[in-house]
Every structure is written in structure tokens, then in C-alpha cells.
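Breakdown of the fold
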Amino acid sequence: GTRVVKGSNLRVKMKLNLQEIAEGVTKKIKVNKLVNVEGVTYKDCPTCKGSGRITRVQQTFLGAMQTQTTCNTCRGAGRMIDKCPSGADEQGLKR
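Structural notes, computed from the coordinates. (Residues numbered from 1 in each chain as written. Predicted model: local features only at pLDDT ≥ 70, side-chain atom pairs only at ≥ 80, totals over all residues. Heavy atoms only, no water.)

1. Examining the nonpolar core
Keep this limit in mind: Only buried residues count toward a nonpolar core. Its members are Ala, Val, Leu, Ile, Met, Phe, Trp, Tyr and Cys residues joined through side-chain atoms within 4.5 Å. To sort residues, take the accessible area from a 1.4 Å probe on protein chains only and compare it with the maximum for the residue type: under 20% means buried, over 50% means exposed, and anything in between is partly exposed. The contact criterion used is simple: two residues touch if any of their non-hydrogen atoms lie within 4.5 Å.
Core analysis: the biggest nonpolar cluster contains five residues, these being Cys45, Cys48, Ile54, Cys71 and Cys74. Among all residues touching Cys45, those that are not within four sequence positions of it are Gly50, Cys71, Thr73, Cys74, Gly78, Arg79 and Met80.

Have a look at this one:
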């Protein structure tokens, strides 16, 4: 399957006075969220063939040693953007 890359936690600096800290207060904040752009088409990664992992087999004097690493081409996603409309970034997202 494909891996879902999680984003980082949000940190917001906010000024509060002593009364708001003591009594508690509810405030609204505005967050710019990246969303998928319509019209983006994806294709399987040619390097890992959609698995997101590359398996390497090395022959040692003890026998074959197999290692798996994350694909460098698709960064573990297993797919790449085929067609991307204007206004989108390299991941097919916009604000």
C-alpha cells in the first residue's frame, strides 16, 4: 500500500492577558491548509513499481543479504504526479 505522510504539529503564538488566563477564553484562529488540486493525475513510480520500497540483495560469504530502503524517487509514496495543472506545487497541492 501507499504511505500517508503526516504533517508537522502547528504552533501558534497568541497574546493573552492575566484575566483571560485565569478565567479561560475561547479564540478563533485561521489556518491556511493545503488541499489537492483537481485535475492532478498520478502514475506508479518506475523505480519501485508502486511499492514505495527498494529491495537490494547483496551476496556475502555467509549467503545473500536482503535490505529494504525507502524509494528515493517517490520518497516512499509509491506514486508520482503524471500531469499537474497550473497553480499547484510539486506535490499537486494548493492553498
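Now that the structure is up, let's keep going.
2. Some thoughts on the state of the cysteines
Inclusion rule: Note on terminology: pairs of cysteine sulfur atoms within 2.5 Å are recorded as disulfides.
Applying the stated criterion across every chain yields a total of zero disulfides. With no disulfide of its own, Cys45 has Cys48 as its nearest cysteine by sulfur position, at a separation of 3.8 Å. Note on Cys71: no disulfide assigned, nearest cysteine sulfur contributed by Cys74 at a separation of 3.7 Å. A relative accessible area of 1% places Cys71 in the buried class.

3. Focus: the pairing of strand S3 (residues 53-60)
Operational definition: Two strands make a pair as long as DSSP finds a minimum of two bridges between them. The helix count covers DSSP runs of H or I at least four residues long, the strand count covers runs of E at least two residues long, and both are numbered beginning at the N terminus.
As judged from the eight bridges shared by S3 and strand S4 (residues 63-70), these two strands associate in the antiparallel manner. For Thr55, the partnering residue across the bridge sits in S4 and is Gln68. Adjacent in sequence and paired antiparallel, S3 and S4 are bridged by two residues.

4. Quick notes on the environment of Asn32
Counting through the fold element by element, Asn32 comes out in the loop between helix H1 (18-23) and strand S1 (35-36). Sequence spacing of Asn32 and Leu10 is 22 residues, and the spatial spacing of their C-alpha atoms is 11 Å.

5. So, the packing of aromatic side chains
Operational definition: Only Phe, Tyr and Trp rings take part, Trp by its six-membered ring, and two of them pair if their centres are within 6.5 Å. Stacked means planes under 30 degrees apart, edge-to-face means over 60, and tilted covers everything else. The rule for a charge over a ring is simple: NZ of Lys or CZ of Arg within 6 Å of the ring centre, and within 35 degrees of the ring normal.
A complete count under the given rule lists zero aromatic pairs for this structure. Residue placement shows Arg79 over the ring face of Tyr42; its charged tip is 3.9 Å from the ring centre.

Such coordinate-based values are descriptive only and should not be taken to indicate function.
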